[in-house]
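# Survey of secondary and tertiary structure
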Amino acid sequence: MDALREAVRSGRLAPGTRLPSSRSLAADLGIARNTVADAYAELVAEGWLTARQGSGTRVARRAAPRPGPGAGNRAGPGRGAFVPARRPPVRRPPAHTLHPGMPDLGSFPRAEWLKAARRALTSAPHEALGYGGPRGRVELRTVLADYLARARGVYADPDRIVICSGFVHGLRLMAQVLRGRRVRDVAVESYGLDIHWNLLTEAGLRTPALPFDEHGTRTGKLGRQGAVLITPAHQFPLGGALPPDRRAAAVDWARRTGALILEDDYDGEFRYDRQPVGALQGLDPERVVYLGTASKSLTPGLRLGWMVLPEDLVGDVLVAKGHSDWVSSALDQLTLAEFIRSGAYDRHVRGMRLRYRRRRDQLVAALAERAPDVRVSGIAAGLHAVLELPPGTERTVVQSAAWQGLAVQGLDRFRHPDVPRGRDALVVGYATPTDSAWTGALDALCRALP
Ligand SMILES: Cc1ncc(COP(=O)(O)O)c(C=O)c1O
């Protein structure tokens, strides 16, 4: 309750903000619903919040941020002392975040995970508690081979799988291997994540951008590069699936030139309106390095990912990783193996697919009603959507959202430096808020749109 009072007092929760229902906040925090209901009632009695039938609990209009009586005074004003409303400070932390790249952390299946951890630890051999080899635990590689073949159409032999600490670690290992093989250029997509491009650049590789059109990345333009990094199942951040002829063109190019395709399959499980698009790796397991991660399907905090490698690359990647598995916890690997083996992973992904789909539908419906001029695209899959804005408005919209306590990112943030400025848009990560924060975040988004 103190934290909530402080959030209102400091202005972090803007006046008028609708708070989650006591039931969903209690579920997020893992505490009794009554505890939340009591805290709300007390804060209403103190005047920080208002509660009205039908419109839920909101931050009181007059509960404006109040400056402390002097610098360094950490005690702040007394309880219940209000000052007149004034413009909120510019740099307050956002009340809502719709940045892409994050699953709903409140939905991590804690209880199922703990059960899997207990079972995994109980049956683990003593040897599993040692340093472990660079391939990663065989239990995990074995269940992953089966899962990836079944769910993503990946040709996966456990001996060709190397466990890594998330996609970023896998990419770093590949950068090292490619440099060792005298590769100079790794082609990347026109839009993507600068952390990935920077990581390749830091390893001494150049990252020329491939041209892009309304059908996606133009893989027919691949030339003398030694490898290409792409997101074929769901382009990040624009959202489309790479069309079949462009998938084939990439594989033909790799076969013809001996180059490699680095396939970033970061959210392949989340497709809503039709069958999942299978992994590109299935087309040619000797030319495609498949990189998967638990960051979207479970949580980035696990730092677990997997590489499925062409046979002649396994040795180099193991050398790059080192003699032991210094990076991924054996206990987490065993737990994930048990989580997948028991069917809990499939159940979790199925459940999250439904939830995210519902959110996506709510986003589309809210935009149709409250911002009908904003076209939304990239919604068939994944955890984010692209909202087209009128030309020249992207920066203003991002800034005005920030003023209203909503952190949201513009498309330009994901543009490769060699690519000319393109359309104005927002990239909205609708999976990012917890269930209880979602409605407020959506409301804030609609208010920020032109
Ligand atoms: C395009 C893309 N690839 C990969 C990842 C996953 O990275 P990691 O497994 O290192 O958490 C993300 C996560 O945000 C992503 O957006």
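Up top is the structure.
Residues numbered from 1 in each chain as written. Predicted model: local features only at pLDDT ≥ 70, side-chain atom pairs only at ≥ 80, totals over all residues. Heavy atoms only, no water.

## So, the overall build of the protein chain
Within the protein chain one finds 13 helices and 16 strands. Put simply, the protein chain has 450 residues, and 52% of those count as buried. In the protein chain, the share of contacts with a sequence separation of at least 24, taken over all contacts with a separation of at least 6, comes to 74%. Surface exposure of the protein chain reaches about 20,800 Å², of which carbon and sulfur atoms provide 52%. (Helix = DSSP H or I, 4+ residues; strand = E, 2+ residues; numbered from the N terminus. Buried < 20%, exposed > 50% of the residue type's maximum accessible area, 1.4 Å probe, protein only. Contact = heavy atoms within 4.5 Å. Areas by Shrake-Rupley, 256 points an atom, 1.4 Å probe, with all protein chains shown as cover.)

## Section: the sheet that holds strand S13 (residues 384-388)
Strand order in the open sheet formed by four strands is S12-S13-S16-S15, and the pairing between neighbours is antiparallel. Since the sheet does not close on itself, it has two edges, and those belong to strand S12 (376-377) and strand S15 (409-410), each with one partner. Looking at chain direction, S15 and strand S16 (residues 425-429) are connected through two bridges and run antiparallel. Bridge pairing in S16 links Gly 410 to Leu 426. (Pairing = 2+ DSSP bridges.)

## Focus: the pattern of salt bridges
Per the counting criterion, the structure on display carries 31 salt bridges. A single salt-bridge network, built from bridges that share partners, covers Asp 104, Arg 355, Arg 359 and Asp 435. (Salt bridge = Lys/Arg side-chain N within 4 Å of Asp/Glu carboxyl O.)

## With respect to the sheet that holds strand S5 (residues 186-187)
Here six strands make up an open sheet; going across it, the order is S4-S11-S10-S9-S8-S5 and the pairing mixed. Unpaired on one side and paired on the other, strand S4 (161-164) and S5 mark the two borders of the sheet. Direction of pairing for strand S9 (residues 260-264) relative to strand S10 (residues 288-293): parallel, over a ladder of four bridges. Looking at S10, one finds that Glu 263 is bridged to Tyr 290. Lying on the sheet, helix H5 (residues 138-152) is in contact with S4, S10 and strand S11 (305-308); it crosses S4 at an angle near 105°. Of the strands in this sheet, strand S8 (227-230) and S9 are in contact with helix H8 (residues 244-257), which crosses S9 at around 145°. (Axes fitted to C-alpha atoms, helices over the stretch in contact; angles between N-to-C directions.)

## Considering the pairing of S16
Here S16 lies mainly inside the structure; five of its five residues are buried. Covered by surrounding structure in S16 are Ala 425, Val 427 and Gly 429 together with Leu 426 and Val 428, the residues of both alternating faces.

## Re the pairing of S10
The buried fraction of S10 amounts to six of the six residues, a majority that puts the element mostly inside the structure. Covered by surrounding structure in S10 are Val 288, Tyr 290 and Gly 292 together with Val 289, Leu 291 and Thr 293, the residues of both alternating faces. Sheet topology places S10 next to S11; four bridges connect them, and they run antiparallel. Bridged to Thr 293 within S11 is Gly 305.

## A look at the site of the ligand
In the neighbourhood of the ligand, 13 residues make up the surrounding shell, with Phe 167, Asp 264, Thr 293, Ser 295 and Lys 296 lying closest. Within the backbone of Val 168, one N or O atom sits 3.0 Å away from an oxygen atom of the ligand. Within the side chain of Lys 296, a nitrogen or oxygen atom sits 2.9 Å from an oxygen atom of the ligand. In isolation the ligand exposes 390 Å². Once the protein is present, 90% of that is buried. It is helix H6 (residues 166-180) that contributes the most residues to the shell around the ligand, three residues altogether. Considered class by class, the residues forming the shell around the ligand number five nonpolar, five polar and three charged. (Near = heavy atom within 4 Å. Polar contact = N/O pair within 3.5 Å; in protein donor to acceptor, adjacent residues only side chain to side chain. Nonpolar A, V, L, I, M, F, W, Y, C, P; charged D, E, K, R; others polar.)

## Concerning unusual backbone geometry
In the segment running from Phe 236 into Pro 237, the intervening peptide bond is cis, with an omega of 5°. For Pro 237, the position within the fold is in the loop between S8 and H8. Of note, the phi angle at Arg 303 is positive, near 50°, even though the residue is not glycine. Positionally, Arg 303 belongs in the loop between S10 and S11. With a relative accessible area of 32%, Arg 303 lands in the partly exposed category.

## Focus: the packing of aromatic side chains
Considering all chains together, one arrives at nine aromatic pairs under this definition. Measuring from ring centre to ring centre gives 5.6 Å for Phe 236 and Phe 414, while their planes differ by 85°; the resulting arrangement is edge-to-face. With a gap of 178 residues between them, Phe 236 in the loop between S8 and H8 and Phe 414 in the loop between S15 and S16 connect regions that are remote in the sequence. In terms of burial, Phe 236 and Phe 414 fall into one category: buried. (Phe/Tyr/Trp six-rings, centres within 6.5 Å; stacked < 30°, edge-to-face > 60°.)

## With respect to helix H4 (residues 110-123)
Across its 14 residues, H4 extends 20 Å between first and last C-alpha, which sits within 8% of the 20 Å expected from 1.5 Å per residue. Turning to H4, its buried residues number three or more, namely Trp 113, Ala 116 and Ala 120. Take H4 and look down its axis: the buried residues cluster within an arc of 65°, on one side only. Within H4, the exposed residues directed more than 90 degrees away from the buried face are Arg 110, Ala 111, Leu 114, Arg 118 and Thr 122. Where the residues of H4 are buried, they touch helix H10 (330-341). (Expected span 1.5 Å × (residues − 1). Arc of directions from axis to C-beta.)

## Quick word on a nonpolar patch on the surface
Together, Leu 121, Leu 129 and Leu 331 make up an exposed nonpolar region whose accessible area comes to about 280 Å². One can find Leu 129 in the loop between H4 and H5. (Patch = residues over 30% accessible without salt bridge, like charges linked within 9 Å, V, L, I, M, F, W, Y side chains within 5 Å.)

## Here we look at the packing of H10 against helix H11 (residues 344-370)
Put simply, H10 and H11 touch, their axes get as near as 4 Å, and they point 75° apart. With respect to each other, H10 and H11 are oriented roughly perpendicular. Across from Leu 336, Phe 339 and Ile 340 in H10, the residues of H11 making contact are Ala 344, Tyr 345 and His 348. Of the residues contributing to the contact of H10 with H11, the split by class is five nonpolar, one polar and no charged. (Parallel < 35°, antiparallel > 145°, perpendicular 65-115°, else oblique.)

## Quick look at the environment of Ala 51
Here Ala 51 is to be found in strand S1 (residues 49-52). As a C-alpha pair, Ala 51 and Tyr 40 span 11 residues in sequence and 8.7 Å in three-dimensional space. Sequence-distant contacts of Ala 51, that is, excluding residues within four places in its chain, are made with Val 44, Gly 56 and Thr 57.

The values reported here are purely geometric and, on their own, carry no functional implication.
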